[in-house]
Number of protein chains: 2
Amino acid sequence: VRSYLDCYPCFLRQALDAARRARLDEGGQARVLDSVLAALRTFDPSRPPPEMAARFHAVVREAAGSEDPYREEKARATREALDLYPDLAARVAAAADPLETALRLAVAGNVIDLGAQADYDLPAAVARVLVQDFAVCELAALREALAAAPWLLFLGDNAGETVFDRLLIETLGLPCTYAVRGGAVLNDATREDARAAGLDGAATLVDNGARVPGTVLELCSDAFRDLFARAPLILSKGMGNYESLDGRPEPVFHLLQAKCPVIARDLGVPVGAIVLASGGR
Amino acid sequence: VRSYLDCYPCFLRQALDAARRARLDEGGQARVLDSVLAALRTFDPSRPPPEMAARFHAVVREAAGSEDPYREEKARATREALDLYPDLAARVAAAADPLETALRLAVAGNVIDLGAQADYDLPAAVARVLVQDFAVCELAALREALAAAPWLLFLGDNAGETVFDRLLIETLGLPCTYAVRGGAVLNDATREDARAAGLDGAATLVDNGARVPGTVLELCSDAFRDLFARAPLILSKGMGNYESLDGRPEPVFHLLQAKCPVIARDLGVPVGAIVLASGGR
């Protein structure tokens, strides 16, 4: 997905929010904004939004002198999700269709996002998504693909959401490689965050080599690109991955909440919709 | 009110909205955005938001080759309000407290704003504001000031809202001078718009000499500044006027809906609140 003109105000808003979460004072926030204004003037709008987000998060980290301003919030989100885990696992075990329930919970976990939205309510998201209709639901195609695939590449998104991903992976019963970001950016999951969620017991952890809140293949490591090219099936979580991978020829299924009007329009769904869509639509 | 950092994303959003309303194509919209990005880098944030808005609306008008891209929407808003006028006038005439009812209707009319919000529902706003509590209500002080003042300077805001202002002025029964913008900008009322609302029969019309969606005195004509300084009482409508006049020593009462988080916080009220506040608080 290219960066739309509507993304520009949102980039500024997100950069300001990131600067505040990193506890920059108002002068520091203003310098971050000015730097983003300058960057936007030279940004190539044919590039996906996560590429711009990577830039302004780097500016914030440098201004704040912090390699991971979201560390505490990520740890808190992971703890909150782990507290829910036993109950959620019991729900999946008791479900008539464990796969569908685990997919729903995994899309509920996608509400843990400090980019598109400033705040979230995890238990409320779980309750809502368990009964919400999917606006796009290619579940039958995913079942077929899962039955045929010897293993799965899972593209993670946010810390905390990782716990829900773990439950889904445990439900699938298929060998899984779980990819995280190559470095701390926004509240996206790193290796450390994935381990804190217990994912190292459920999947092989890899990082994609890029410090980008999405999967911009051009910026990923050779090793990750090779893995991506070889994967028989890819399950991608969240808007950032969708924005950077939509339209690719590889066998990707996107599982996400459409949190912003631009992506909702792109997907042809209302804002707030939950989506399970194959990339090759 | 200074321009807060939160105003910057909003400036971009408003400029983009204005470019689209002016029917610029995507290339034109992108050029407008780029021009606003450049202007924001040199903008003095101690200046009020309407001063920045004046700049980007000028950019949009030039790009669109139109002196008044909001002409049709303003005419439609005025017609819609005129259609409601007989019923609203009857409500005021039948009210236990005609002044309070006319003030409430005038603040309901303030919903007609294509800057802070992209859309509005006028009949719904009337129904809501007739029963909504004022978050700040200096009605007693206003009554006193009205009883003592030989005449009133009324600072208009948006076209269509003018019809509600006319009803308030007719209810006050005090000689009134009604000030409009010095030129078409956003959907703010000009002389032409005020006449279309029938205000020329209820007040003396003047324009403030500035093409700004607010009342930035430094940019107004000498004649208007002189009038402003001499006015025994000033009733100011809307956020744009509030943003540019708050803190002034003149006897101003502000009547508005707090439509954005920045102004709501500045006023100490929730977003959506209705406010009647003296400027000298």
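## Re unusual backbone geometry
Residue and element names in this part refer to chain A.
Turning to step 1, where the next piece is worked out: Backbone geometry at Arg23 places phi at a positive 60 degrees, although glycine is not the residue there.
Turning to step 2, where the next piece is worked out: When you line up the elements, Arg23 lands in the loop between helix 1 (7–21) and helix 2 (26–42).
Turning to step 3, where the next piece is worked out: For Arg23, a relative accessible area of 73% puts it in the exposed group.
Turning to step 4, where the next piece is worked out: The backbone phi angle of Leu186 is positive, close to 50 degrees, even though this residue is not glycine.
Turning to step 5, where the next piece is worked out: Inspection of the secondary structure puts Leu186 in the loop between strand 3 (176–180) and helix 9 (191–196).

## Re the sheet that holds strand 3 of chain A
Residues and elements named next belong to chain A.
Turning to step 1, where the next piece is worked out: The seven strands lie next to each other as 1-7-6-5-2-3-4, forming an open sheet whose pairing is mixed. Single-partner strands in this sheet number two, and they are strand 1 (134–137) and strand 4 (204–207). Across the sheet, the axes of successive neighbouring strands diverge by a mean angle of 20 degrees, strand direction being ignored.
Turning to step 2, where the next piece is worked out: Here strand 6 (residues 252–257) pairs with strand 7 (residues 274–278) via five bridges, running antiparallel. Looking across to strand 7, one finds that Phe253 is bridged to Ser278.
Turning to step 3, where the next piece is worked out: Sitting on the sheet, helix 5 (residues 98–109) touches strand 1, strand 5 (234–237), strand 6 and strand 7, and the angle it makes with strand 6 is about 60 degrees.

## Comments concerning the sheet that holds strand 2 (residues 152–155) of chain B
Residue and element names in this part refer to chain B.
Turning to step 1, where the next piece is worked out: Spatially, seven strands are ordered 1-7-6-5-2-3-4 in an open sheet, and the strand pairing comes out mixed. The open sheet has two free edges, formed respectively by strand 1 (134–137) and strand 4 (204–207), since each of these has just one partner strand. In this sheet, neighbouring strand axes are inclined to one another by 20 degrees on average, regardless of whether the strands run parallel or antiparallel.
Turning to step 2, where the next piece is worked out: Here strand 2 runs beside strand 5 (residues 234–237); their pairing, made up of three bridges, is parallel. If you follow Phe154 over to strand 5, its bridge partner there is Leu235.

## Some details on the environment of Val1 of chain B
Residues and elements named next belong to chain B.
Turning to step 1, where the next piece is worked out: Relative to the assigned elements, Val1 resides in the segment before helix 1 (7–21).
Turning to step 2, where the next piece is worked out: Val1 gets classed as buried once you look at its relative accessible area, which sits at 16%.
Turning to step 3, where the next piece is worked out: Apart from residues no more than four positions distant in its own chain, Val1 is found in contact with Arg47, Pro48, Pro49, Tyr242, Glu243, Asp246, Ile263 and Asp266.

## A few points about the interface of chain A and chain B
Turning to step 1, where the next piece is worked out: Of the residues lining the interface, 18 residues belong to chain A; the matching set on chain B comes to 18 residues.
Turning to step 2, where the next piece is worked out: When the buried area of chain A at its contact with chain B is split by residue, Leu5, Leu37 and Arg41 of chain A rank highest and sum to 36% of it.
Turning to step 3, where the next piece is worked out: The interface formed by chain A and chain B holds six salt bridges in total.
Turning to step 4, where the next piece is worked out: When the shortest N-O distance is used, the salt bridge between Arg2 of chain A and Glu26 of chain B registers 3.0 Å.
Turning to step 5, where the next piece is worked out: Counting every contact that joins chain A to chain B gives six residue pairs in polar contact (both at pLDDT 80 or more).
Turning to step 6, where the next piece is worked out: Where the side of chain A that touches chain B is concerned, the elements lending two or more residues are helix 1 and helix 2 of chain A.

## Focus: helix 4 (residues 71–94) of chain A
All names here are of chain A.
Turning to step 1, where the next piece is worked out: In a regular helix each residue adds 1.5 Å, so 24 residues correspond to 34 Å; helix 4 covers 34 Å between its end C-alpha atoms and thus fits that length.
Turning to step 2, where the next piece is worked out: Along helix 4, the largest kink reaches about 45 degrees and is centred on Tyr85; proline Pro86 follows within four residues of it.
Turning to step 3, where the next piece is worked out: If you check which residues of helix 4 are buried, you get Lys74, Ala77, Thr78, Ala81, Tyr85, Leu88 and Val92.
Turning to step 4, where the next piece is worked out: Buried-residue contacts for helix 4 involve helix 5, helix 6 (122–131), helix 8 (161–172) and helix 9.

## Structural notes on the side chain of Ser244 of chain B
Residues and elements named next belong to chain B.
Turning to step 1, where the next piece is worked out: Mapped onto the fold, Ser244 is located in helix 11 (residues 238–245).
Turning to step 2, where the next piece is worked out: Its relative accessible area of 14% is what places Ser244 among the buried residues.
Turning to step 3, where the next piece is worked out: At a separation of 2.8 Å, a polar atom in the side chain of Ser244 contacts the main-chain amide nitrogen of Thr215.
Turning to step 4, where the next piece is worked out: Ignoring any residue separated from it by four or fewer positions in sequence, one finds Ser244 in contact with Pro48, Pro50, Gly214, Thr215 and Val216.

## Focus on the pattern of salt bridges
Pairing between side chains of opposite charge can happen when the charged atoms of each approach one another.
Turning to step 1, where the next piece is worked out: By the definition in use, this model includes 51 salt bridges over all chains.
Turning to step 2, where the next piece is worked out: Where Asp68 of chain A meets Lys74 of chain A, a salt bridge forms, and the shortest distance between an N and an O atom there is 3.0 Å. As far as burial versus exposure is concerned, Asp68 of chain A and Lys74 of chain A are alike and both buried.
Turning to step 3, where the next piece is worked out: Put simply, Asp222 of chain B and Arg225 of chain B hold a salt bridge, and the shortest N to O gap is 2.5 Å. Linking Asp222 of chain B with Arg225 of chain B, this pair stays in helix 10 (residues 222–230), spanning three residues, or about one helical turn.
Turning to step 4, where the next piece is worked out: The class for Arg225 of chain B is partly exposed, based on a relative accessible area of 31%.

## Considerations on the packing of helix 5 (residues 98–109) of chain B against helix 7 (residues 139–148) of chain B
Residue and element names in this part refer to chain B.
Turning to step 1, where the next piece is worked out: Packing of helix 5 against helix 7 brings their axes to within 12 Å, and their N-to-C directions diverge by 110 degrees. By the angle between their axes, helix 5 is roughly perpendicular relative to helix 7. In this structure, the crossing between helix 5 and helix 7 has a hand that is right-handed. Only Leu139, Leu142, Arg143 and Leu146 of helix 7 make contact with helix 5, whose side of the interface consists of Leu99, Glu100 and Leu103.
Turning to step 2, where the next piece is worked out: A breakdown of the residues in the contact of helix 5 with helix 7 according to their chemical character gives five nonpolar, no polar and two charged.

## Digging into the relation of the copies chain A and chain B
Turning to step 1, where the next piece is worked out: The transform that puts chain A on chain B rotates by 180 degrees and translates by 0.0 Å along the axis, for an RMSD of 0.0 Å. On the angle and the small slide along the axis, the relation comes out as a two-fold axis. Rotation axis and chain A: the residue whose C-alpha lies nearest the axis is Pro9 of chain A, separated from it by 2.2 Å.
Turning to step 2, where the next piece is worked out: Of all interface residues in chain A, 100% are interface residues in chain B too; the two copies therefore contact each other through one and the same surface.

## Some remarks on the confidence of the model for chain A
Do not read the fine detail of predicted coordinates wherever pLDDT is low.
Turning to step 1, where the next piece is worked out: Here chain A shows a mean pLDDT of 95. Residues at 70 or above account for 99%.
Turning to step 2, where the next piece is worked out: The ipTM, which scores confidence in the relative placement of chains, is 0.89 for this predicted complex, and the corresponding pTM is 0.92.

## Considerations on the packing of aromatic side chains
Turning to step 1, where the next piece is worked out: For the structure shown, the criterion picks out 10 aromatic pairs over all chains.
Turning to step 2, where the next piece is worked out: Linked through ring pairs, Tyr8, Phe11, Phe43 and Phe56 of chain A together constitute an aromatic cluster.
Turning to step 3, where the next piece is worked out: For Arg2 of chain A, the ring lying beneath its charged end belongs to Tyr4 of chain A, and the centroid distance is 4.9 Å.
Turning to step 4, where the next piece is worked out: Lying over the aromatic face of Tyr4 of chain B, Arg265 of chain B brings its terminal NZ or CZ to 5.6 Å of the ring centre.

## Observations regarding the pairing of strand 3 of chain A
Each regular strand displays side chains that alternate between the two surfaces of the sheet.
Residue and element names in this part refer to chain A.
Turning to step 1, where the next piece is worked out: Among the five residues that make up strand 3, five are buried, leaving the element largely enclosed by the rest of the structure.
Turning to step 2, where the next piece is worked out: The sheet contact formed by strand 2 (residues 152–155) and strand 3 spans four bridges and is parallel. Bridging across to strand 3, Leu153 finds its partner in Thr177.
Turning to step 3, where the next piece is worked out: The parallel pair strand 2 and strand 3 is bridged by helix 8, and the resulting crossover is right-handed.
Turning to step 4, where the next piece is worked out: Inspection of the sheet shows strand 3 paired to strand 4 by four bridges, in the parallel sense. Residue Tyr178 lies in a different strand from strand 4, and its bridge partner there is Leu205.
Turning to step 5, where the next piece is worked out: Taking the sense of rotation as the criterion, the β-α-β connection linking strand 3, helix 9 and strand 4 turns out right-handed.

What counts as what
Residues numbered from 1 in each chain as written. Chains lettered and ligands numbered in written order. Predicted model: local features only at pLDDT ≥ 70, side-chain atom pairs only at ≥ 80, totals over all residues. Heavy atoms only, no water. Helix = DSSP H or I, 4+ residues; strand = E, 2+ residues; numbered from the N terminus. Buried < 20%, exposed > 50% of the residue type's maximum accessible area, 1.4 Å probe, protein only. Pairing = 2+ DSSP bridges. Axes fitted to C-alpha atoms, helices over the stretch in contact; angles between N-to-C directions. Contact = heavy atoms within 4.5 Å. Buried area = accessible area lost by both parts, 1.4 Å probe. Salt bridge = Lys/Arg side-chain N within 4 Å of Asp/Glu carboxyl O. Polar contact = N/O pair within 3.5 Å; in protein donor to acceptor, adjacent residues only side chain to side chain. Expected span 1.5 Å × (residues − 1). Bend = angle between axes of the 7 residues up to and from the residue. Parallel < 35°, antiparallel > 145°, perpendicular 65-115°, else oblique. Left-handed = near helix turned anticlockwise from the far one by under 90°. Nonpolar A, V, L, I, M, F, W, Y, C, P; charged D, E, K, R; others polar. Least-squares fit on C-alpha atoms with pLDDT ≥ 70 in both. pLDDT = per-residue confidence, 0-100. Phe/Tyr/Trp six-rings, centres within 6.5 Å; stacked < 30°, edge-to-face > 60°. Lys NZ or Arg CZ within 6 Å of the ring centre and 35° of its normal. Right-handed = clockwise from strand over helix to strand, strands pointing away.

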